[in-house]
Amino acid sequence: MWRYLSMKQFLSIISLLVLCSCSSGVRFDISGRLTQNAAHEVYLVVQNTSTDTIAVATVDRSNHFRLRGRVEEPTTAFVCDDNGNALAMLLTEDEPLTLRALSSGGYIAEGGPMNDKYNLIVQRLSDTARRLMELDPEAENYMEEYEMLAARYQDILFTGISDNLDNIVGVELFLEQESLTMNAEDMRVRMGQFSPQMQALAPMRQFAEYIEVLALSEVGRPFVDLQLTTTTGSTTLEEVCRGRWVLLDFWATWCEPCLEQMPVLQQAYERYAIRGFEVCAVSLDSDEQRWRSYVEQNRLLWTNAIDRPDEEGSAVNVYGLHTIPANYLISPEGIIVARNLYGEALLHELEHIFEQ
């Protein structure tokens, strides 16, 4: 039976038809020459909900290869060798691309407007980051120079995304860089600025789901309970947090920045545990014995648990973890009051709580 459609419903259907009419996909053509007989075969790999190889090419005797095929939508991809090493990252596009070896090592994909635009933005970001790292902390004008370069980096990134809200360049820069410093609401706002076609891409749809999970653990929200498998048995985060200040800390023995924080955590624990402070350290190690050995050898006396990312209700999924280290400071009332406190910032916050 026919029925009348509102103007909004009619426009929604037209939008879907437009999207469907553009769904012929992207036909890629990537060629290049490897250095020093680096591989016998190369693979083009994409990673969304799973890692998929979408093309394979033989490397000939002169080290040349050519990867051709089709993907349903623009995406980030990696050219990998037959040892599993990623040689280069690229953005799939209809224009032919050439993989060029860099004198500093590695390769870069060139020749298409999307990749050339992306490479230019990344080069400007890299140059600015290098200048930041070269600053002398002892110099008289260090802070002034640091703030100027940090602002320049953010401006390059912001402009690079804002100028590419209708293509994969902006999507890649947003997902892999800009979003890392945003809260959930800022992420929502930025995503809403992208064209409908870009918001409909699989990585962006997945990221939208991630934002909603992340929002549940924002500062000011009650913590989300976890089932914890500890060194001594099992418990819940709710039990650990009952009536205490708790630092929920996510880490792993293979994460160097995480290990660098351990002396600070031990210092904080020794100083404030007797006054109602607890650390609940959740490891993301896949090797349980390695985790147990590290905890024992370093005498980590707080609550130590290990997560199973592939299991339902895992901490990775519940807290929407994107990177580690990551931590959450939880009040005795069960409210998240701060996130990602490290080094002196953590000690200063605890001093403010327990000494004032």
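Given the structure is predicted, the values throughout are model-derived calculations rather than measurements. (Residues numbered from 1 in each chain as written. Predicted model: local features only at pLDDT ≥ 70, side-chain atom pairs only at ≥ 80, totals over all residues. Heavy atoms only, no water.)

S.K.: How should I be thinking about the pairing of strand β13 (residues 303-306) in this particular structure?
M.R.: Side-chain positions along a regular strand alternate between the two faces of the sheet. The alternating pattern of β13 places Thr303 and Ala305 and Asn304 and Ile306 on opposite faces, both of which are buried. For strand β9 (residues 227-230) and β13, the ladder comprises two bridges, and the chain directions are antiparallel. Residue pairing for β13: Thr230 is matched across the bridge by Ala305. Here strand β12 (residues 277-283) pairs with β13 via four bridges, running parallel. By the bridge assignment, Ala281 is partnered in β13 with Asn304. The β-α-β motif built from β12, the intervening helix α11 (residues 288-297) and the parallel element β13 has right-handed crossover chirality. (Buried < 20%, exposed > 50% of the residue type's maximum accessible area, 1.4 Å probe, protein only. Helix = DSSP H or I, 4+ residues; strand = E, 2+ residues; numbered from the N terminus. Pairing = 2+ DSSP bridges. Right-handed = clockwise from strand over helix to strand, strands pointing away.)

S.K.: Looking at this structure, I do not really get the pairing of strand β14 (residues 326-330). What am I missing?
M.R.: Among the five residues that make up β14, five are buried, leaving the element largely enclosed by the rest of the structure. Going residue by residue along β14, you find Ala326, Tyr328 and Ile330 tucked away on one face and Asn327 and Leu329 tucked away on the opposite face as well. Of the pairings in the sheet, the one linking strand β11 (residues 245-251) to β14 comprises five bridges and is antiparallel in character. The residue of β14 that forms the bridge with Leu247 is Leu329. Inspection of the sheet shows β14 paired to strand β15 (residues 336-339) by three bridges, in the antiparallel sense. Across the sheet, the residue bridging to Tyr328 is Arg339, located in β15. The loop that links β14 with its antiparallel partner β15 comprises five residues; one of these, Gly334, has a positive phi angle of about 85°.

S.K.: Help me out: how do you make sense of unusual backbone geometry in this one?
M.R.: Phi is mostly negative for residues that are not glycine, and the peptide bonds are mostly trans. With omega at 5°, the peptide bond leading from Ile324 into Pro325 counts as cis. Positionally, Pro325 belongs in the loop between α12 (315-318) and β14. Although it is not a glycine, Asn63 adopts a positive phi angle of roughly 70°. Along the chain, Asn63 falls in the loop between β3 (51-58) and β4 (64-71). Of note, Asn340 is a non-glycine position whose phi angle comes to about 55°, a positive value. Within the fold, Asn340 resides in the loop between β15 and α13 (344-355). In this structure Asn340 comes out as partly exposed when scored by relative accessible area, which is 35%.

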